[in-house]
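Below are the chains, spelled out letter by letter.
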Amino acid sequence: MKTYFQSPKALIFFKQISLVKVVGLSLILSLYSFQNFSQKTKLWEQASNYYEAKNWDKALAVYAKIHEKSKVNSSDYARAFYNIGHVKLLKKDTLEAEKIFLKILESDFNELDKGGRGSGVMQEPYALYRNNSSKILAQIYLQRKDYKKALFYVELADKKYKYRHFCGNELEADRIEMATYFGECYWGLNEFDKSMNVLLPHVFNSGLADNDHLVKLTVQYLIEKYGKEKVKAELTKSLGTVTSKTRKMGKEKYDYNECTIFGKNIELYAHFDWKDQAEVNKLNLKENELVQESMRRSLFFRSVF
């Protein structure tokens, strides 16, 4: 689902969700929030139906009713309040949404409430009210070009209200998302080197998570800073800097590859899309050549050349 914000990947917490799944988890976890269980079920179903029909005003009214009827320390109370903020954003009522997410940061809502954003197998395991609220506030201030305030909330999400997940792919997606936020903030604050320090390590896809938005943003910044021809020359030069290295983690060692781009050492992956894999296998490339071919076929290189 698109929103009025302009950062597609970074806005994963605004992705279209089916509240049926979220509602189902609320029912399981908070059976005693209302004295009348059937009333609770009906209200969540009404909110879900209005939301899916994009009837924001009626959805808001039902979430407000759930919030009012729920015990303050219940997951229903927290979920309904968060959803009110989310729907206000969809209504482009940013000032009111901002107030709600600021209040959530001051709350004692349980970050590890079971069941968060998304639906089905893609659903987040935890609610992460303050982590999500920090990211939303960061995006609100990025939209306003208030980069100092945006950076404050990005740092909150990064250091104080950390993202939690059991899946390596989702953890990598969060690292890319956070790098994108930091990169945008530093760029807006005219701190180019800091921006590149956080963005460049993620420009080559590891195969774990989508980095398309980050790549396009990085290319935009590099070209604005250096001009396209200089960026092309630097990327061509980087192919010749590929080296194999070994890293020690505890008692274990593992090999990896690295290149240098604009003076920064970047870890590399011999990662290809499925459609390319069979073709690449036929090339019978040596290790460094394989990594170089992966670099050439990456979105990062293709966005420049």
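Starting from 1, residues in each chain are numbered consecutively following that chain's sequence as written. Totals for whole chains, interfaces and linings use every residue, but because this is a predicted model, local features are given only for residues with pLDDT of at least 70 and side-chain atom pairs only at 80 or more, for both listing and counting. Side-chain figures throughout are based on the complete set of non-hydrogen atoms in the structure, without hydrogens or water.

Caption draft 1: How the structure looks around helix α10 (residues 212-226). Elements are defined by DSSP. Helices are runs of H or I of four residues or more, strands are runs of E of two residues or more, and each kind is numbered from the N terminus. Multiplying one less than the number of residues by 1.5 Å gives the expected span of a helix. Relative to the 21 Å expected for 15 residues at 1.5 Å per residue, α10 spans 21 Å between its end C-alpha atoms, a close match to the ideal helical length. Each residue's exposure class comes from its accessible area (1.4 Å probe, protein chains only) as a fraction of the maximum for that residue type: buried when under 20%, exposed when over 50%, partly exposed otherwise. Taken together, the buried positions of α10 are His 213, Leu 214, Val 215, Leu 217, Thr 218, Val 219, Tyr 221 and Leu 222. Contacts: residue pairs with any heavy atoms within 4.5 Å of one another. Of the surrounding secondary structure, the elements contacted by the buried residues of α10 are α8 (168-188), α9 (192-199), α11 (228-239) and α14 (299-302). Immediately beyond the C-terminal end of α10, within one or two residues, lies Gly 227, with a positive phi of roughly 90°.

Caption draft 2: The arrangement of the packing of helix α7 (residues 147-160) against α8 in detail. Axes, fitted as lines to C-alpha atoms, cover a helix only where it is in contact. Angles between the N-to-C directions of the axes lie from 0 to 180 degrees. Two elements in contact, α7 and α8, have axes separated by 9 Å at closest approach and are oriented at 155°. Considering the angle they form, α7 stands roughly antiparallel to α8. Regarding α7 and α8, the two cross each other, and that crossing is left-handed. Here α7 contributes Tyr 147, Ala 150, Leu 151, Val 154, Glu 155, Ala 157 and Asp 158 to the contact with α8, which in turn contributes Met 178, Tyr 181, Phe 182, Glu 184, Cys 185, Tyr 186 and Gly 188. Of the residues assigned to the contact of α7 with α8, the class counts are 10 nonpolar, 1 polar and 3 charged. Roughly parallel here means an angle under 35 degrees, roughly antiparallel means over 145, roughly perpendicular means 65 to 115, and every remaining angle is called oblique. Two helices cross in a left-handed way if the nearer one is turned anticlockwise from the farther one by less than a right angle. They cross in a right-handed way if the turn is clockwise. Each residue receives one of three labels: charged for Asp, Glu, Lys and Arg, nonpolar for Ala, Val, Leu, Ile, Met, Phe, Trp, Tyr, Cys and Pro, and polar for the others, Gly being one of them.

Caption draft 3: Spatial organisation of the confidence of the model for the protein. Mean pLDDT over the protein works out to 86, with 86% of the residues at or above the 70 mark. Predictor confidence is given residue by residue as pLDDT, running from a minimum of 0 to a maximum of 100. A low-confidence stretch, residues 1-35 (pLDDT under 50), is modelled with 100 contacts involving residues beyond four sequence positions or located in other chains.

Caption draft 4: Summary view of the side chain of Ser 74. For Ser 74, the location among the structural elements is in the loop between α3 (56-69) and α4 (75-90). Accessibility expressed as a relative area gives 12% for Ser 74, which makes it buried.

Caption draft 5: Here's a closer look at the packing of α10 against α11. The interhelical angle for the contact between α10 and α11, taken along N-to-C directions, is 115°, at an axis separation of 7 Å. Within the contact between the two elements, α10 uses Leu 222, Ile 223 and Tyr 226 and α11 uses Lys 228, Lys 230 and Val 231. Taken together, the residues that form the contact of α10 with α11 break down as 4 nonpolar, no polar and 2 charged.

Caption draft 6: Structural view of unusual backbone geometry. Of note in this structure, Lys 92 is not a glycine but carries a positive phi near 65°. Topologically, Lys 92 is positioned in the loop between α4 and α5 (94-105). If you check the backbone angles, Asn 190 has positive phi at about 60° while not being a glycine. When you line up the elements, Asn 190 lands in the loop between α8 and α9.

Caption draft 7: Highlighting the pairing of strand β1 (residues 243-249). Paired strands, as defined in this entry, are two strands with at least two bridges between them according to DSSP. Alignment of β1 against strand β2 (residues 252-261), held across 7 bridges, turns out to be antiparallel. When the sheet's bridge partners are listed, Ser 244 is paired in β2 with Asn 257. Linking β1 to β2, which pair antiparallel, is a turn of 2 residues; within it Gly 250 sits at a positive phi near 65°.

Caption draft 8: Summary view of the nonpolar core. By size, the foremost hydrophobic cluster in this structure holds 46 residues, and its most contacted members are Tyr 63, Phe 101 and Ile 104. Counting residues per element, the ones that place at least two in this core are α2 (37-52), α3, α4, α5, α6 (129-143), α7 and α8. Tallying contributions element by element places α4 first for this core, with 9 residues. The definition of a nonpolar core used throughout is a set of buried Ala, Val, Leu, Ile, Met, Phe, Trp, Tyr and Cys residues joined through side-chain atoms within 4.5 Å.

Caption draft 9: Region of the structure containing the environment of Lys 216. Here Lys 216 shows up in helix α10. A C-alpha to C-alpha distance of 7.4 Å links Lys 216 and Phe 300, two positions 84 residues apart in sequence.

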